[in-house]
Amino acid sequence: MERIPVLRMGSLLLITIQVDMHDKLAMQLQDDVTQRISDWGSTGVLIDISSLEIVDSFIGRMLANIAGMSRVLGAETVVVGMQPAVAITLVELGMSLPGVRTALSVEAGMELLFGPGAGFGSGSDDDRAQA
Amino acid sequence: MTEPRRETLPLKTSNDVVFARQKVRQWAIELHFGLVDQTKLVTAASELARNALDHGKGGQMCIEQIANGARVGLKLIFEDQGPGIPDIELALKDGFTTGSGMGFGLGGSKRLVNEFSIDSAPGKGTRVTVVRWK
């Protein structure tokens, strides 16, 4: 069955959406993310949408749902990598994704979740490696 | 490029919505729409195709290349034989929803295109026509 992979990196769940979303895939992803948070005690969810060529209200709602469900389970969600044309369209559509934190890159998203120095390539060798 | 082109696609399943989106993208690229224009039209198509599927119990999308003088554009017609929309003005309002969405489908897609019209009556289905000029 087609499925979007949910990767575990310490206390973080990393999800890269690269396929054209349809209903079943979106529902499956909601199930998977909430189950993984519960199983692994993840405190952060990073969703990379840089490959998505559009975000319509359906996908926007799915992102908002995942962020909401994760928050209730104790994990913060950051959506990263939105393409500029997608951002323009999404706001014109009337959705600015309230309640969903966003960042430009995976690195910036990691810093938003775990503080400065958490992103890759930051060069700092502090104690966050244990995360 | 000079002869009129049109194509009709079914909207019966969630996968058809994905396919309709890809088709609109493909045509917009062929007509050299800019990236933002492509994205707006494809997003509007996605909203309207989903409406036809969720509220209209399925239907079809017709995509057509149009011209007005030197201007080229794409016209999309979404038709369903669903229950129809009793109050179109209300349905166009942001936040109005009867289904599971966020209620930005109709009003939002209207903002993403240059021309927008709805033909609908209770029991008679719904036809939404949109045009985006290059």
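About the criteria used
- Along each chain, numbering runs from 1 in the same order as the chain's sequence is written.
- Chains carry letters from A onward and ligands carry numbers from 1 onward, assigned in written order.
- Only residues with pLDDT of at least 70 are given local features in this predicted model, and only at 80 or more are side-chain atom pairs given and counted; all residues enter the totals for whole chains, interfaces and linings.
- The way it works is that DSSP assigns letters per residue, a run of H or I at least four long becomes a helix, a run of E at least two long becomes a strand, and they are numbered from the N terminus.
- Three exposure classes are used. Buried residues have 20 or more other C-beta atoms within 10 Å of their own C-beta, exposed residues have 12 or fewer, and partly exposed residues fall in between, all C-beta atoms being placed from the backbone.
- Two residues form a contact once the distance between their C-beta atoms, set from the backbone, is within 7 Å.
- Here, a nonpolar core denotes buried Ala, Val, Leu, Ile, Met, Phe, Trp, Tyr and Cys residues that are linked to one another through C-beta atoms within 7 Å.
- Axis geometry follows a simple rule: fit a line to the C-alpha atoms, using only the stretch in contact for helices, then measure angles between N-to-C directions, giving values from 0 to 180 degrees.
- Angular relationships are summarised with four words: roughly parallel below 35 degrees, roughly antiparallel beyond 145, roughly perpendicular across 65 to 115, and oblique for the angles in between.
- In this scheme the handedness of a crossing depends on how the near helix is turned from the far one: anticlockwise by less than a right angle means left-handed, clockwise means right-handed.
- For this classification, Asp, Glu, Lys and Arg are treated as charged, while Ala, Val, Leu, Ile, Met, Phe, Trp, Tyr, Cys and Pro are nonpolar and the rest, including Gly, are polar.
- Any two strands are treated as partners once DSSP identifies two or more bridges connecting them.
- Each residue carries a pLDDT score, the predictor's own confidence in it, on a scale running from 0 to 100.

**A few points about the overall build of chain A**
Secondary structure summary: chain A contains 4 helices and 5 strands in total. Listed by position from the N terminus, the elements making up chain A come as β-β-α-β-α-β-α-β-α. Within chain A, the proportion of its 131 residues that are buried is 33%. Taking all contacts inside chain A whose residues are at least 6 apart in sequence as the whole, residues at least 24 apart take part in 71%.

**Some thoughts on the overall build of chain B**
Broken down by element type, chain B carries 4 helices and 5 strands. Listing the helices and strands of chain B from first to last along the sequence gives β-α-α-β-β-α-α-β-β. Per-residue burial for chain B yields a buried fraction of 40% across its 134 residues.

**Re the nonpolar core**
With 57 residues, the main nonpolar core has L46(A), I47(A), V24(B), L41(B), A45(B), A49(B) and L76(B) as its most contacted residues. In terms of residue count, the dominant contributor to this core is helix α2 (residues 35–54) of chain B (8 residues).

**Remarks on the packing of helix α1 (residues 14–30) of chain B against α2(B)**
Residues and elements named next belong to chain B. Close contact between α1 and α2 brings their axes to 9 Å; oriented N to C, the two are set at 150°. On the basis of the axis angle, α1 is roughly antiparallel to α2. Crossing geometry of α1 relative to α2 is assigned as right-handed. From α1, V17, A20, R21, V24, R25, A28 and I29 reach across to α2, where they touch Q38, L41, V42, A45, S46, A49, R50 and L53.

**Looking at the interface of chain B and chain A**
The partner chain A presents 19 residues to the 23 residues of chain B that form the contact. Within the residue set of the side of chain B that touches chain A, elements represented by two or more residues are α1, α2 and α4 (105–111) of chain B. Here the element with the most residues in the side of chain B that touches chain A is α2(B); it accounts for 9 residues. A breakdown of the residues in the side of chain B that touches chain A according to their chemical character gives 8 nonpolar, 9 polar and 6 charged.

**Some remarks on the sheet that holds strand β5 (residues 126–133) of chain B**
All names here are of chain B. The sheet built from 5 strands is open, its strands ordered β1-β2-β3-β5-β4 with antiparallel pairing. Either end of the sheet is taken by a strand with one partner, and the two such strands are β1 (6–11) and β4 (115–120). Going across the sheet, the axis of each strand differs from the next one's by a mean of 15°, ignoring polarity. Alignment of β4 against β5, held across 6 bridges, turns out to be antiparallel. Looking at β5, one finds that F116 is bridged to V130. Contacting β1, β2 (59–68) and β3 (71–80), α1 crosses the sheet at an angle of about 160° to β1.

**Quick notes on the confidence of the model for chain A**
On average, residues of chain A score 88 in pLDDT, and 89% of them are at 70 or above. Confidence drops under a pLDDT of 50 for residues 122–131 of chain A, and excluding neighbours within four residues, the segment shows 9 contacts in the predicted structure.

**Quick notes on the sheet that holds strand β5 (residues 101–103) of chain A**
Residue and element names in this part refer to chain A. Judged by pairing direction, the sheet is mixed, and its 5 strands sit side by side in the order β1-β2-β3-β4-β5 without closing on themselves. Taken across any chain shown, the strands that pair with only one partner, and hence form the sheet edges, are β1 (6–9) and β5. Neighbour-to-neighbour, the strand axes of this sheet turn through a mean angle of 25°, independent of strand direction. Bridge count between strand β4 (residues 76–80) and β5: 3 bridges; the pairing is parallel.

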